[in-house]
Amino acid sequence: MMQKVKTLGRAAGRQCILTALAALVLLVLCIQPHALRAELVDRIAAVVNNEIIRLSDLEEAMAPLYERLHQAGYSPDQEQEYKDRMREEVLGNLIDRMLVSQEATRLQISVDDKEVDAHIEDIKKEGGLSDERLQLLLAQEGQTIETFRKSRKEDILRKRVLDREVTSRIVVTPQEVERHYRENQDLYSGRRQFHIIHIALPAGMNQGVSGRPVMEELRQKIVAGADADEAISVARASLPGLDRADLGLFFLEDLTPQIREYLSGMEKGQITPIMESPAGLQMLYLQDINMSEGMNMEQALPEIENRIYERRLEERFQAWLKDLRKRSYIKIIR
């Protein structure tokens, strides 16, 4: 288990030790002296070849996970145990992302802002999302639009590196497709689809004293069996900024873990508790649950090929990444 990263102490002797350690690392990395002061304040969490991961980078990546842990209701000891474990995993992910980025630089592969903008616009169009609605959904997952843009850019970059180094070697055979179909009949015999309505009150839209009670009153009406659309219309008289968005149909496995946790035990016509985030207040209303039609193997062919391809791609990527780690200098500073 990764030890908790220590902060700079106040005692002069301890500070001298930490200063010497940071200076030594920076000297090895050939970082200019003017960068030394900033690094001593922030601390270095890991060295990856000729780059560093700062403690602030790790804390930023951990922030959404901390929030979920806090909301989960674990005991202090359990919460600390999970935090320690998650910090080790998150730091490992940050190291892997930096390795991929470095490899992209070596291969002269890049992604510009216009490509990221186009990618996000495609996501919004596919999901029927406005900018405000996207920000609300991201906030539910503990993200901002800035962190979302950064992660999308890294995903595009990773895909291009994989296309260059891994993807071209992957082949899915008809025999594999047939075997997958036989072994996973439950996936193609019809599955539940959740029709989700997103009800949101963005931050600043009467969210304070008046917003939450009206949202809770709306929720209680729906719980009691009132027509959701009629109840929303009535609530809008008090909250003009109240937003209703039909998100459409989703298979449970296509949803984020947090939303899956909410919806997995819900029935048609039920609504989640009010969820609060920096972006505002929101609830999810389960308008309907449909059963998708079953598919024969020919109909399921594209989905099966994609599933096998994605699984093999991840296996190849992990093998490639393992080799890349072996060829790299990685030092975790505890």
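Below or above, wherever it landed, is the structure these notes cover.

## Notes on the sheet that holds strand S7 (residues 330–332)
Then step 1. Strand order in the open sheet formed by three strands is S2-S1-S7, with antiparallel pairing between adjacent strands. The open sheet has two edge strands, strand S2 (51–54) and S7, and neither has a second partner. Averaged over neighbouring strand pairs, the angle between their axes works out to 20 degrees when direction is ignored.
Then step 2. The sheet contact formed by strand S1 (residues 44–48) and S2 spans four bridges and is antiparallel. Directly across from isoleucine 44, in S2, lies its bridge partner arginine 54.

## Focus on the sheet that holds strand S5 (residues 275–277)
Then step 1. An order of S4-S3-S6-S5 is seen for the four strands of this open sheet, with the pairing classed as antiparallel. Every interior strand has two partners, whereas the edge strands, strand S4 (243–251) and S5, have only one. When the angles between neighbouring strand axes are averaged without regard to direction, this sheet yields 30 degrees.
Then step 2. Pairing of S5 with strand S6 (residues 280–291) involves three bridges; the strand directions are antiparallel. Of the residues in S6, the one forming a bridge with glutamate 276 is leucine 281.
Then step 3. Here helix H10 (residues 211–223) sits on the sheet and contacts strand S3 (192–202), S5 and S6; the angle it forms with S6, its principal contact strand, is near 20 degrees.
Then step 4. Along the sheet, helix H11 (residues 228–238) contacts S3, S4 and S6; its crossing angle with S4, the most-contacted strand, is approximately 150 degrees.

## Remarks on H10
Then step 1. The end-to-end C-alpha separation of H10 is 18 Å, in line with the 18 Å expected for 13 residues at 1.5 Å each.
Then step 2. Gly211, Val214, Met215, Leu218, Arg219 and Ile222 are the residues of H10 that are buried. Buried residues in H10, looked at end-on, bunch into an arc of 140 degrees, giving them a common side.
Then step 3. In this structure, the buried side of H10 is in contact with S3, H11 and S6.
Then step 4. Among the residues trailing H10, glycine 225 stands out with phi positive, at a value near 110 degrees.

Conventions adopted
- Just so you know, the residues in each chain are numbered from 1, in the order the chain's sequence is written.
- Only residues with pLDDT of at least 70 are given local features in this predicted model, and only at 80 or more are side-chain atom pairs given and counted; all residues enter the totals for whole chains, interfaces and linings.
- Excluding hydrogens and water, the side-chain values take into account all heavy atoms of the structure.
- Two strands are counted as paired when DSSP detects at least two bridges linking them.
- Helix numbers and strand numbers start at the N terminus; a helix is a DSSP run of H or I with at least 4 residues, a strand a run of E with at least 2.
- Note on geometry: axes are lines fitted to C-alpha atoms, helical ones only across the stretch in contact, with angles between N-to-C directions running from 0 to 180 degrees.
- Contact between two residues is taken to exist if any of their heavy atoms lie within 4.5 Å; hydrogens are not considered.
- Expected span of a helix, by definition, is 1.5 Å for each gap between consecutive residues, and there is one gap fewer than residues.
- Relative accessibility under 20% of the residue-type maximum defines a buried residue, over 50% an exposed one, and the middle range a partly exposed one, all with a 1.4 Å probe and only protein chains included.
- Summarising the geometry, the arc corresponds to the directions from the helix axis toward the C-beta atoms.

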